[in-house]
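Next come the chains, spelled out residue by residue.
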Amino acid sequence: MAKSPEEEHPQRSFGWAARDSSGTLSPFHFSRRENGDEDVTIKILYCGVCHSDLHFLKNEWGVTRYPIVPGHEIVGTVIKLGKNVTKFKMGDRVGVGVLVGSCRTCENCQQDLENYCPDMMFTYNAISEDGTMTYGGYSDIVVVDQWFVLRFPDNMPLDAGAPLLCAGITVYSPMKYYGMTEPGKHLGVAGLGGLGHVAVKLGKAFGLKVTVISTSPNKEDEAINKLGADAFLVSTDPIKLKGAVGTMDYIIDTVSAVHPLLPLLALLKLNGKLITVGLPDKPLELPIIPLVNGRKLVGGSDFGGIKETQEMLDFCAEHNITADIELIKMDYINTAMKRLSKADVKYRFVIDVANSLSQ
């Protein structure tokens, strides 16, 4: 007979889980594996709320295994170390992002691209090596192989830094890979949400001219005066769009809803690059003629490997980049999910786990 989640492992744990596709979260007792020789046990202090969490809770991608404990923007402190752990010491500030395992031997892993490993293990909703479920950061502790634990910079606030573990690396990685970092070039950021607002900050840190492209005119003041964008373009205004045709070197598209690509492609210069990181639940239409006539490139990117994620954290710490957050208690999470579904957050919810998770 299969063991209950509370009996699978020696370490008792507590969090909030959804049991079905309603996505409603409620208190959940489960267990974590004992700390192994290569493992780090982390007391979770904060956990960011990613839009992916909402997709998984409601099984919108058709791959959710219930019960599910979401959360892959985890920060906390080390409370237990395996005997072979050399990267960390007790009390260190650390983070855990989207993945907690990979084969470590394939070509992708050898290039520090564990996020593209065929056997990559997600922080939650994955099957671990012992056949049990992985549970995420909406909980009190987590046990992770030291290889997949990140050092959190001393000068970075834990709460506002947590979303960088997903939102930050998801925009940093394509900007680096596709060469979207040349000072003085013009970057368009499509969508001003959890990903987009971090992309604006990174773009400015790289020395780019940054234009926010949004369907919401009321975001203009925020984009320019708070986030530091140079310009704002309403994507539903044909006159403004026409005036911006052929002006951008790169566009990073963070929009997760179905949307037309043709207007974005028109904004690009010759040899321009449109890189998409949003995950719409239906296919987008890709017009080929503008690509051919402008020698333009459309690409995609997932989050990043461990080495690059650490590089991103260090870069953000150096440039004082964090996410703009709304700190919430655990018992507010269902309301937060309803607001997130309506894009009613500026720009990332973060759960104050240590101060609000009570059994």
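Structure shown above.
Model, not experiment: these values are computed from the prediction.

Chemist: Please clarify how the overall build of the chain should be interpreted in this entry.
Modeler: Secondary structure summary: the chain contains twelve helices and 17 strands in total. Here the C-alpha atoms of the chain give a radius of gyration of 20 Å, agreeing with the 21 Å that 2.2 N^0.38 yields for 359 residues. Taken over the C-alpha atoms alone, the chain extends approximately 65 × 40 × 35 Å along its principal axes. In the chain, which comprises 359 residues, the proportion classed as buried is 55%. For the chain, long-range pairs separated by at least 24 residues make up 66% of all intrachain contacts whose partners lie at least 6 apart in sequence.

Chemist: Please explain the nonpolar core as it appears in this structure.
Modeler: Note on soluble globular proteins: their nonpolar side chains tend to be buried together. Counting residues in hydrophobic clusters, the biggest one holds 101 residues, and the most contacted among them are Tyr138, Leu187, Leu202, Ile252 and Ile333. Ile213, Leu233, Leu267 and Leu268 belong to the second largest nonpolar core, which has 14 residues in total.

Chemist: Quick question: what am I supposed to make of helix α4 (residues 167-177) here?
Modeler: Note that an α-helix has 3.6 residues per turn; residues three or four places apart therefore point the same way. The element α4 is largely enclosed, with a buried count of nine among its eleven residues. Taken as a whole, α4 has its buried residues at Ala167, Gly168, Ile169, Thr170, Val171, Tyr172, Ser173, Pro174 and Met175. A positive backbone phi angle near 70° is found at glycine 179, which sits one or two residues after α4.

Chemist: How should the side chain of threonine 123 be read in this particular structure?
Modeler: Among the structural elements, threonine 123 can be located in the loop between β7 (121-122) and β8 (141-145). Of the polar contacts made by the side chain of threonine 123, one reaches the backbone nitrogen of leucine 99; its length is 3.3 Å. Not counting the four nearest positions on each side in its chain, threonine 123 is found in contact with Gly71, His72, Ile74, Val96, Gly97, Val98, Leu99, Val100, Thr134, Tyr135 and Gly136.

Chemist: What is the right way to read the packing of α4 against helix α5 (residues 194-205) from this model?
Modeler: Relative placement of two packed helices is described by the angle separating their axes and the distance separating the axes. Packing of α4 against α5 brings their axes to within 8 Å, and their N-to-C directions diverge by 50°. Judged on the interaxial angle alone, α5 and α4 are oblique. For the pair α4 and α5, the sense of crossing is right-handed. Counting all contacts with α4, which are made through Ala167, Gly168, Thr170, Val171, Tyr172 and Met175, the residues of α5 involved are Gly194, Leu195, Val198, Ala199, Leu202 and Gly203. The residue makeup of the contact of α4 with α5, split by class, is eight nonpolar, four polar and no charged.

Scoring rules and cut-offs
- Residues numbered from 1 in each chain as written.
- Predicted model: local features only at pLDDT ≥ 70, side-chain atom pairs only at ≥ 80, totals over all residues.
- Heavy atoms only, no water.
- Helix = DSSP H or I, 4+ residues; strand = E, 2+ residues; numbered from the N terminus.
- Rg over C-alpha atoms; globule rule 2.2 N^0.38 Å.
- Buried < 20%, exposed > 50% of the residue type's maximum accessible area, 1.4 Å probe, protein only.
- Contact = heavy atoms within 4.5 Å.
- Core = buried A, V, L, I, M, F, W, Y, C linked by side-chain atoms within 4.5 Å.
- Polar contact = N/O pair within 3.5 Å; in protein donor to acceptor, adjacent residues only side chain to side chain.
- Axes fitted to C-alpha atoms, helices over the stretch in contact; angles between N-to-C directions.
- Parallel < 35°, antiparallel > 145°, perpendicular 65-115°, else oblique.
- Left-handed = near helix turned anticlockwise from the far one by under 90°.
- Nonpolar A, V, L, I, M, F, W, Y, C, P; charged D, E, K, R; others polar.

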